[in-house]
Amino acid sequence: MRKHGGTEVFRITGARQGLADDVRGRQRRYVISMTVRTLSVIAAAVLWNVERHVAIVALALGILLPYIAVVIANAGRESTPSLPSTFVPTPARPELEASNLKGSSDQS
């Protein structure tokens with residue numbers, strides 16, 4: 001890609017997801033995690049007198065999920081290493097050799 005009028009040109013294939021889409025996806029992951037947490041706490045309360053071991057596991061899941069949900073929800077907008085670079089550098093101009101410069105100045 002080349003510069004047009006001094007502006008840098010970027011490849012669209014390496015573009016990140018839009019900010020609104022990224023926030024929407026993180027909110028969706030957080031809501032799903034909190035729904036699972038709520039269901040596990042309810043299951044722990046219902047199963048406490050019936051199946052105590054399952055209730056303890058559900059309660060532990062309900063205690064750990066808020067931390068995990070926040071970490072998952074905040075994980076976003078990192079650059080993906082598998083995608084190509086979005087910036088296409090300007091190709092370098094070849095330099096003239098010193099011998100060509102001397103030869104052209106001697107002929108004048």
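Residues numbered from 1 in each chain as written. Predicted model: local features only at pLDDT ≥ 70, side-chain atom pairs only at ≥ 80, totals over all residues. Heavy atoms only, no water.

Enquirer: Any chance you could break down the overall build of the protein for me, citing the residues and the numbers?
Expert: For the protein, the helix and strand inventory stands at 3 helices and 0 strands. Helices and strands appear in the protein in the N-to-C order α-α-α. Evaluated residue by residue, the protein yields a buried proportion of 15% over its 108 residues. Look at the contacts in the protein between residues 6 or more apart in sequence, and 75% of them connect residues 24 or more apart. (Helix = DSSP H or I, 4+ residues; strand = E, 2+ residues; numbered from the N terminus. Buried < 20%, exposed > 50% of the residue type's maximum accessible area, 1.4 Å probe, protein only. Contact = heavy atoms within 4.5 Å.)

Enquirer: Describe in detail the packing of helix H1 (residues 19-47) against helix H2 (residues 52-74), supporting the description with residues and values.
Expert: As a packed pair, H1 and H2 sit with axes 8 Å apart at the nearest point and diverge in direction by 165°. Comparing their axes, H2 and H1 come out roughly antiparallel. The handedness of the crossing between H1 and H2 comes out as left-handed. In the contact of H1 with H2, the residues fall into 18 nonpolar, 4 polar and 4 charged. (Axes fitted to C-alpha atoms, helices over the stretch in contact; angles between N-to-C directions. Parallel < 35°, antiparallel > 145°, perpendicular 65-115°, else oblique. Left-handed = near helix turned anticlockwise from the far one by under 90°. Nonpolar A, V, L, I, M, F, W, Y, C, P; charged D, E, K, R; others polar.)

Enquirer: Which residues make up the pattern of salt bridges, and what are the values?
Expert: Two side chains bearing opposite charge may form a pair once their charged atoms approach each other closely. If you walk through the whole model with that rule in mind, you get 2 salt bridges. A salt bridge links Arg 24 to Asp 21; the shortest N-O distance between them is 2.8 Å. With a gap of 3 residues between them, Arg 24 and Asp 21 both fall in helix H1, about one helical turn apart. Take Asp 21: its relative accessible area is 35%, and that puts it in the partly exposed class. We note a salt bridge from Arg 26 to Asp 22, for which the minimum N-O separation is 3.2 Å. Of the two residues, Arg 26 and Asp 22 are both situated in helix H1; the distance of 4 residues between them amounts to about one turn of the helix. Asp 22 carries the same exposure label as Arg 26, and that label is buried. (Salt bridge = Lys/Arg side-chain N within 4 Å of Asp/Glu carboxyl O.)

Enquirer: How would you explain the confidence of the model for the protein if you had to name every residue and give the values?
Expert: Looking at the protein as a whole, its pLDDT mean stands at 76, while 65% of the residues score no less than 70. Of all the helices and strands in the protein, helix H3 (residues 98-106) carries the lowest mean pLDDT, 58, while H1 carries the highest, 89. (pLDDT = per-residue confidence, 0-100.)

Enquirer: Provide a residue-level description of H1, including the pertinent values.
Expert: Compared with the 42 Å implied by 1.5 Å per residue over 29 residues, the 42 Å span of H1 between its first and last C-alpha is a close match. Along H1, the positions that sit buried rather than exposed are Asp 22, Gly 25, Arg 26, Ser 33, Met 34, Ser 40 and Ala 44. On its buried side, H1 packs onto H2. (Expected span 1.5 Å × (residues − 1).)

Enquirer: Quick rundown of a nonpolar patch on the surface? Include the residues and the values.
Expert: A surface patch of nonpolar side chains, amounting to about 860 Å² of accessible area, comprises Trp 48, Ile 56, Leu 59, Ile 63, Leu 64, Tyr 67, Ile 68, Val 71 and Ile 72. Among the secondary structure elements, Ile 63 is positioned in helix H2. (Patch = residues over 30% accessible without salt bridge, like charges linked within 9 Å, V, L, I, M, F, W, Y side chains within 5 Å. Areas by Shrake-Rupley, 256 points an atom, 1.4 Å probe, with all protein chains shown as cover.)

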